[in-house]
Each structure stands twice: as C-alpha cells, then as structure tokens.
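Spelled out from the first residue to the last, the chains are:
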There are 2 protein chains.
Amino acid sequence: MTKISMYTMCLVVDGENVLLINRPSEKGFPGYIGPGGKVDFPESLTEGAIREVREETGLEVSDLVYKGLDEYVDEINDERYMVFNYITNTFKGDLLKAPPEGELKWVTITEALKLPMQNWFKERFPLFFEAGTFEKHVVWDDKEKQAVKEVITKH
Amino acid sequence: MTKISMYTMCLVVDGENVLLINRPSEKGFPGYIGPGGKVDFPESLTEGAIREVREETGLEVSDLVYKGLDEYVDEINDERYMVFNYITNTFKGDLLKAPPEGELKWVTITEALKLPMQNWFKERFPLFFEAGTFEKHVVWDDKEKQAVKEVITKH
C-alpha cells in the first residue's frame, strides 16, 4: 500500500508582513519557512494547520484560506508526500518566547525571498499571494535523487 | 498506519448544464452523481480527475478549478477517506455511447437537486457553484453507522 504522508503549512499575514520561522541547521532543512507540520489522525487538514501554528508560534489563527497542494510522488519508496497550504490574516495571541522550531520573525512579504530558504519553499512562497489555488506535482526519482517531472497547475 | 483513500470528482459544465451520471442500483449508491473515482499512484489529483472523466464520459477535460475537499475519518477502522472536487467548463470530444458507470445526462444546474441523489452528493453539489473552496470534514462512527461530527469550512 502506498504510504501517504500529509502535512500542512499556514502563512500568517499582518498587513505587509508574513510570519516565518528561522529554522536552525541542527533541525535539518535550515532557513526561513512557514509554520506547519504533520496532520494527525483523525483531525481535519484545517484543524492540523491551526494546531501547528499554535504549537510553533503561539498564535491562534482562524478564517484560513486554502491556497493549494504541493506534493511529490516517489515510486521507488511507494510514497506520496502532500503539503496542503493555507494563508490567513486573522489571529489572536502573542508570539511564543521560546518557539520550538526556530526564531519567529515578521518579514515584509516583498523582501522575504531575499532570506535564506530551502528551494522548495522559495518556489512555493509566491504562490500563496496569487489569486486562486495551485497544485504542484513533482515526480521524485529517489535513485538519482532528483525530480524527473514537475508540473504546477493553477486554478 | 492509517489507511488513506483518495478520490476525485469533477463536474463538467456547459452553459446552464452540468454532466451527471445516473448510477444504477446494481452498482451500489444509486442516483445521479458527478464523474470521478480513485486516484491511482503515482498520478496527481488533477491527472486522476481528468482520467476518470475520460473513462466514465468520453470527454477530455482541461482547465480544472479546484473546489474543495469532502472527507471523512473513521477511527474504528483507522481510515481517512478523501474526495478532492473540481469543476470545469472546458472539454472536447463526444459522450461515450456505452458509458461504464451509468447513463450520461446533461442536467440544468438549477434543476439538478430535484433528481434522485445520494445525500452526501446532494449536500456537496451546491458547494461546487459557490465562490472559493470548501472543506467538509465528517467524523464517522462505524459502530453506530452514523456521522457524529460534521464541519464545513468555506475559504
């Protein structure tokens, strides 16, 4: 049976700024990313996204807007890895003083891409700010360790 | 490991009309429904939706717009059942003369809800025609054979 891994990411926006986490090297995949993580069964995708923002930032978000799916399929390991992406500008609460995943930073949206980021997040970031939804589908060759197909559909 | 089953549905629209399948009793879940079916690994969700419309109707659809997720979680059987829903008004080709899943019928959108339909499709149908996307999350109690929670989020 194909292993299906499901994650969420939710960008929190306050006016011109977006909240990012500066993920340190020791955690792997270092650089600035949005809050998010694994969807726990039996929660919904939106419930998972809200919980992850709470755990990683301290903020209580609501009114999430679905922005799209970023997924890869890996035939060698028979795995589908899916990230469901949301955005919101509705939140309450204060930022955690000791955030578990890395330093929290409000960054100007237009300047964010100048920060160090993993390539997969750098590619996805602008899609959050376009109208409609996206669906990115990557076919990953785990023998050659490279993407052999990449399609972005916009709706 | 939680079993995750992924399906698509795609409504094809031509002006005032939508293409439905009149699913016969012998197939189970009889009544009018939209074309769709299981997502095959490693195809993308959109690829799956396009293939299912082709197999069940003969039409070649494109420019799909994502409308939302209809899912249920079943803790007793440790299963998540997800249907990803699309709509399009772009298609080519002719309807199959011997469609495999049931008679094909162009139905006026405003009259469609008068047709016999499974309740889960009747509830979902109007959401295809609203702006934005939806996320319906149902918690299913497989012992009592009933939904114990149902949340529809609109984005």
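Above this text is the structure in question.
Criteria and cut-off values
- Residues numbered from 1 in each chain as written.
- Chains lettered and ligands numbered in written order.
- Predicted model: local features only at pLDDT ≥ 70, side-chain atom pairs only at ≥ 80, totals over all residues.
- Heavy atoms only, no water.
- Helix = DSSP H or I, 4+ residues; strand = E, 2+ residues; numbered from the N terminus.
- Rg over C-alpha atoms; globule rule 2.2 N^0.38 Å.
- Buried < 20%, exposed > 50% of the residue type's maximum accessible area, 1.4 Å probe, protein only.
- Pairing = 2+ DSSP bridges.
- Phe/Tyr/Trp six-rings, centres within 6.5 Å; stacked < 30°, edge-to-face > 60°.
- Contact = heavy atoms within 4.5 Å.
- Buried area = accessible area lost by both parts, 1.4 Å probe.
- Salt bridge = Lys/Arg side-chain N within 4 Å of Asp/Glu carboxyl O.
- Polar contact = N/O pair within 3.5 Å; in protein donor to acceptor, adjacent residues only side chain to side chain.
- Core = buried A, V, L, I, M, F, W, Y, C linked by side-chain atoms within 4.5 Å.
- Expected span 1.5 Å × (residues − 1).
- Least-squares fit on C-alpha atoms with pLDDT ≥ 70 in both.

Here we take up the overall build of chain A. Of regular secondary structure, chain A possesses 2 helices and 11 strands. Along chain A, helices (α) and strands (β) appear in the sequence β-β-β-β-α-β-β-β-β-β-α-β-β when read from the amino end. For 155 residues, the compact-globule formula gives about 15 Å, and the C-alpha radius of gyration of chain A, at 15 Å, lands near that figure. Structurally, chain A occupies a C-alpha span of about 45 × 35 × 35 Å along its principal axes.

Here the focus is the pairing of strand E10 (residues 134-141) of chain A. Residue and element names in this part refer to chain A. For E10, the buried fraction is high: 6 of the 8 residues fall into the buried class. Sheet analysis places strand E6 (residues 65-74) next to E10, joined by 7 bridges and oriented parallel. Counted as the bridge partner of Val73 is Val139 from E10.

Okay, the packing of aromatic side chains next. For the structure shown, the criterion picks out 18 aromatic pairs over all chains. Plain terms: the ring middles of B:Tyr66 and B:Tyr86 are 5.4 Å apart, the flat faces sit at 70° to each other, and that makes the pair edge-to-face. Here B:Tyr86 lies in strand E7 (residues 79-88) and B:Tyr66 lies in strand E6 (residues 65-74), a separation of 20 residues in the sequence. The burial state of B:Tyr66 is the same as that of B:Tyr86; both residues are buried. For the ring pair B:Trp120 and B:Phe121, a centre distance of 6.4 Å and an interplane angle of 70° mean the geometry is edge-to-face. Residue class for B:Trp120 comes out partly exposed when judged on its relative accessible area of 34%. On the basis of relative accessible area, B:Phe121 is assigned to the buried category, the value being 0%. Among the aromatic residues, ring-to-ring pairing joins A:Tyr66, A:Tyr86, B:Tyr66 and B:Tyr86 into one connected group.

Here we take up the interface of chain A and chain B. Contacts between chain A and chain B engage 33 residues on the former and 33 residues on the latter. Summed over both partners, the interface of chain A with chain B comes to about 2,600 Å²; 65% of that surface belongs to carbon and sulfur atoms. On the chain A side of the contact with chain B, A:Phe41, A:Arg80 and A:His155 bury the most area, a combined 23% of that side's loss. Here chain A is connected to chain B by 2 salt bridges. With its nearest N and O atoms 2.9 Å apart, the salt bridge here joins B:Lys149 to A:Glu47. If you look at where chain A meets chain B, you find 10 residue pairs in polar contact (both at pLDDT 80 or more). Secondary-structure elements contributing two or more residues to the side of chain A that touches chain B are strand E1 (3-14), helix H1 (45-57), E6, strand E7 (79-88) and E10 of chain A. It is E6(A) that contributes the most residues to the side of chain A that touches chain B, 6 residues altogether.

Residues and elements named next belong to chain A. Between Phe41 and Pro42 the backbone carries a cis peptide bond, its omega angle lying at 5°. Along the chain, Pro42 turns up in the loop between strand E4 (36-38) and H1. Of note, Lys145 is a non-glycine position whose phi angle comes to about 55°, a positive value. Residue placement: Lys145 occurs in the loop between E10 and strand E11 (146-154). On the basis of relative accessibility, which here comes to 52%, the residue Lys145 falls in the exposed class.

Core analysis: the biggest nonpolar cluster contains 72 residues, and A:Leu20 and B:Leu20 have the highest contact counts within it. In this view, A:Leu20 contacts A:Leu11, A:Tyr32, A:Ile33, A:Gly34, A:Glu103, A:Leu104, A:Lys105, A:Val107, A:Ala112, A:Leu115, A:Met117 and A:Phe121; residues no more than four positions away in its chain are not counted.

Residues and elements named next belong to chain A. What the rule picks out here adds up to 28 salt bridges over all chains. Residue Glu60 is joined to Arg54 by a salt bridge in which the shortest nitrogen-to-oxygen separation is 2.8 Å. The class of Glu60 is partly exposed, set by a relative accessible area of 32%. Lys145 is paired through a salt bridge with Asp142; the nearest N and O atoms lie 3.0 Å apart. Residues joined by salt bridges that share partners form a network here, namely Asp40, Glu43, Arg51, Glu52 and Glu55.

The next subject is H1(A). Residue and element names in this part refer to chain A. Between the first and last C-alpha of H1 there are 18 Å, a value that for 13 residues agrees with the 18 Å anticipated at 1.5 Å per step. Of all 13 residues that make up H1, 10 are buried, and the element is covered over most of its length. Of the positions making up H1, those classed as buried are Leu45, Thr46, Gly48, Ala49, Ile50, Arg51, Glu52, Val53, Glu56 and Thr57.

Turning our attention to the side chain of A:Gln118. Residues and elements named next belong to chain A. Within the secondary structure, Gln118 is located in the loop between strand E9 (103-108) and helix H2 (119-124). Side-chain polar atoms of Gln118 contact the backbone oxygen of Pro30, separated by 2.7 Å. Among residues more than four places away in sequence, those in contact with Gln118 are Phe29 and Pro30.

What follows concerns the relation of the copies chain A and chain B. Between chain A and chain B, the superposition needs a rotation of 180° and an axial shift of 0.0 Å, giving an RMSD of 0.0 Å. The two molecules are tied by a two-fold rotation axis, judged by turn and shift. Ranked by how close their C-alpha atoms come to the rotation axis, the residues of chain A are headed by A:Ile4, at 3.4 Å. Most of the interface of chain A is mirrored in chain B, where 100% of its interface residues again form contacts.

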